[in-house]
Amino acid sequence: MKIAIGSDHGGYILKERIVEHLSKNPLYKLKDFGTFDSQSVDYPDFAREVAVPVSGGEFDRGILCCGTGIGVSIAANKVPGIRAALCGDTFSARASREHNDANILCVGERVIGPGLALDIVDIWLESEFSGDRHGRRVQKIKDIENKYSREGN
Ligand code: RB5
């Protein structure tokens, strides 16, 4: 599985922990889009860096971290084709895959501890979309996106 990962300074330490953790698994091919230190940066820049190639199919999934996870999730969800889910518990992480077919996971370094965050990441990566009635609902999300997206405006 090809995974794009990124963070701002508020999620940098957690992002490094996730990279270290996932690098041990040969099933995962990770590309780290930064940031690469604790200098203050703007989270939309890193959300875009991850979301665009996930939307384009270059990566199967994306993971984004910031202080709360909120900023990166809002920004990533502006990219057509992205369903970014902010998760602070393992139940939501699994459901975001099974029900919502989330293709980006967002986590907040200042909200949850690293142990829970790594469990969330593992469960999210291992869970699959259930399809069926959930497919109809995800299609309705795509319909909204198609109707209201104004690319370039
Ligand atoms: C940075 O201070 C912080 O605002 C950012 O990491 C994130 O929490 C934004 O949503």
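This text goes with the structure placed above it.
Attention here is on the structure that accompanies the text. Here the structure is a predicted model, which means the values were calculated and not measured. (Residues numbered from 1 in each chain as written. Predicted model: local features only at pLDDT ≥ 70, side-chain atom pairs only at ≥ 80, totals over all residues. Heavy atoms only, no water.)

In this fold, G135 is placed in helix α6 (residues 133-148). Since its relative accessible area comes to 25%, G135 is described here as partly exposed. (Helix = DSSP H or I, 4+ residues; strand = E, 2+ residues; numbered from the N terminus. Buried < 20%, exposed > 50% of the residue type's maximum accessible area, 1.4 Å probe, protein only.)

Before going further, it helps to spend a moment on the environment of G67. By the element assignment, G67 lies in the loop between β3 (61-66) and α3 (70-76). When the C-alpha positions of G67 and V111 are compared, they lie 7.3 Å apart, and in sequence the two are 44 residues distant. Not counting chain neighbours up to four residues away, the residues in contact with G67 comprise D8, G10, G11, G108, E109, R110 and V111. (Contact = heavy atoms within 4.5 Å.)

As enumerated under the stated definition, the model contains eight salt bridges in all. The residue K15 makes a salt bridge to E16 at a minimum N-O spacing of 2.9 Å. K15 sits in the buried class, given a relative accessible area of 0%. On the basis of relative accessibility, which here comes to 30%, the residue E16 falls in the partly exposed class. Each of R61, R83, R97, D101 and E128 takes part in salt bridges that share partners, so that together they form one network. (Salt bridge = Lys/Arg side-chain N within 4 Å of Asp/Glu carboxyl O.)

I18, L22, I63 and V107 are the most contacted members of the largest nonpolar core, which has 23 residues in total. Listing elements by their share of this core, those giving two or more residues are β1 (2-7), α1 (12-22), β3, β5 (104-108) and α5 (114-126). The element that contributes the greatest number of residues to this core is α5, accounting for seven residues. If near-sequence neighbours (up to four positions away) are discounted, V107 is found in contact with L14, I18, L64, C65, C66, G69, L86, C87, I112 and I120. Counting residues in each nonpolar core, the second largest holds 16 residues, with A47, V72, I82 and C106 among its members. (Core = buried A, V, L, I, M, F, W, Y, C linked by side-chain atoms within 4.5 Å.)

That is the geometry; function is a separate question.
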